[in-house]
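# Observations on the model geometry
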Amino acid sequence: RTQFKIKTKPGQSVLLRRGDAYERQWRANCPGCGVPIAYACSEGAFDSIPVTYLIEDAVGAQADLYMQLYQVPPCIQTAADGSLRIALLLRCEEPKKAVTHISNGEVGVSVVAPAREGLGNAEALDLLAKVLGKERRGLSLSRGWDQQSKFLT
């Protein structure tokens, strides 16, 4: 008998039709990328029973397809020194501060502060530090191609 120990995180429960019957699967996902890699036939079974089924090709073409569907948008790039560079569209004097959208071209950020004397930039840095879980002093904004565009590094 072969045993494998794999690290997973809980996934969703799925009901599948198998011929004239149905099968409920409790999925387990890769903790890094979220791709389903295994399932059990009873809830909570990953900790209590010895049988877990690996999903066919869970770490092959299926994982590649998942990564193609959920690629990082081009507005988020790795710089030459290994740090991240994120293109932002910063809108100041908005009703609330928030990350408003993520597209191929930019990450939208709105702040309440005005766009003068660095107040908008400072509030944007505070917001992004909180969202990214980083210290503010480790982040910096640089000028983009117009007044609203910025680069976060």
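A few points on the structure. Keep in mind the model is a prediction, meaning the values are calculated, not measured. (Residues numbered from 1 in each chain as written. Predicted model: local features only at pLDDT ≥ 70, side-chain atom pairs only at ≥ 80, totals over all residues. Heavy atoms only, no water.)

### Quick word on the pairing of strand 10 (residues 149-152)
To be explicit about the condition: Note on exposure labels: buried denotes an accessible area under 20% of the residue type's maximum, exposed denotes more than 50%, and partly exposed covers the range between, all computed with a 1.4 Å probe on protein chains only. Here a helix means four or more residues in a row that DSSP labels H or I, a strand means two or more in a row labelled E, and each is numbered from the N terminus. For two strands to count as paired, DSSP must find a minimum of two bridges between them.
Burial along strand 10 is two-sided: Ser-149 and Phe-151 and Lys-150 and Leu-152, pointing in opposite directions, are all buried. Pairing of strand 6 (residues 84-91) with strand 10 involves 4 bridges; the strand directions are antiparallel. Residue Leu-89 lies in a different strand from strand 10, and its bridge partner there is Ser-149. Bridging between strand 9 (residues 141-143) and strand 10 involves 3 bridges; their strand directions are antiparallel. Its bridge partner being in strand 10, Ser-142 is matched across the sheet by Phe-151.

### Remarks on the packing of aromatic side chains
Which entries qualify depends on this criterion: Paired rings are identified among Phe, Tyr and Trp, the last through its six-membered ring, by centres lying within 6.5 Å, and are further divided according to the angle between planes into stacked (under 30 degrees), edge-to-face (over 60) and tilted (the rest). To sit over a ring, a charge needs its Lys NZ or Arg CZ within 6 Å of the ring centre and within 35 degrees of the ring normal.
This structure, assessed with the given rule, holds 0 aromatic pairs. A cation over an aromatic ring shows up here: Arg-85 above the ring of Phe-151, its NZ or CZ 3.9 Å from the ring centre.

### So, helix 3 (residues 119-132)
The test is simple: How far a helix is expected to stretch is found by multiplying one less than its residue total by 1.5 Å. Note on contacts: a residue pair qualifies if any of its non-hydrogen atoms lie within 4.5 Å across the two residues.
For helix 3, which comprises 14 residues, the first-to-last C-alpha distance of 20 Å matches the rise-based estimate of 20 Å (1.5 Å per residue) to within 8%. Buried within helix 3 are the following residues: Gly-120, Glu-123, Ala-124, Leu-125, Leu-127, Leu-128 and Ala-129. Residues of helix 3 that are buried in the fold lie against strand 6, strand 7 (98-102), strand 8 (107-110), strand 9 and strand 10.

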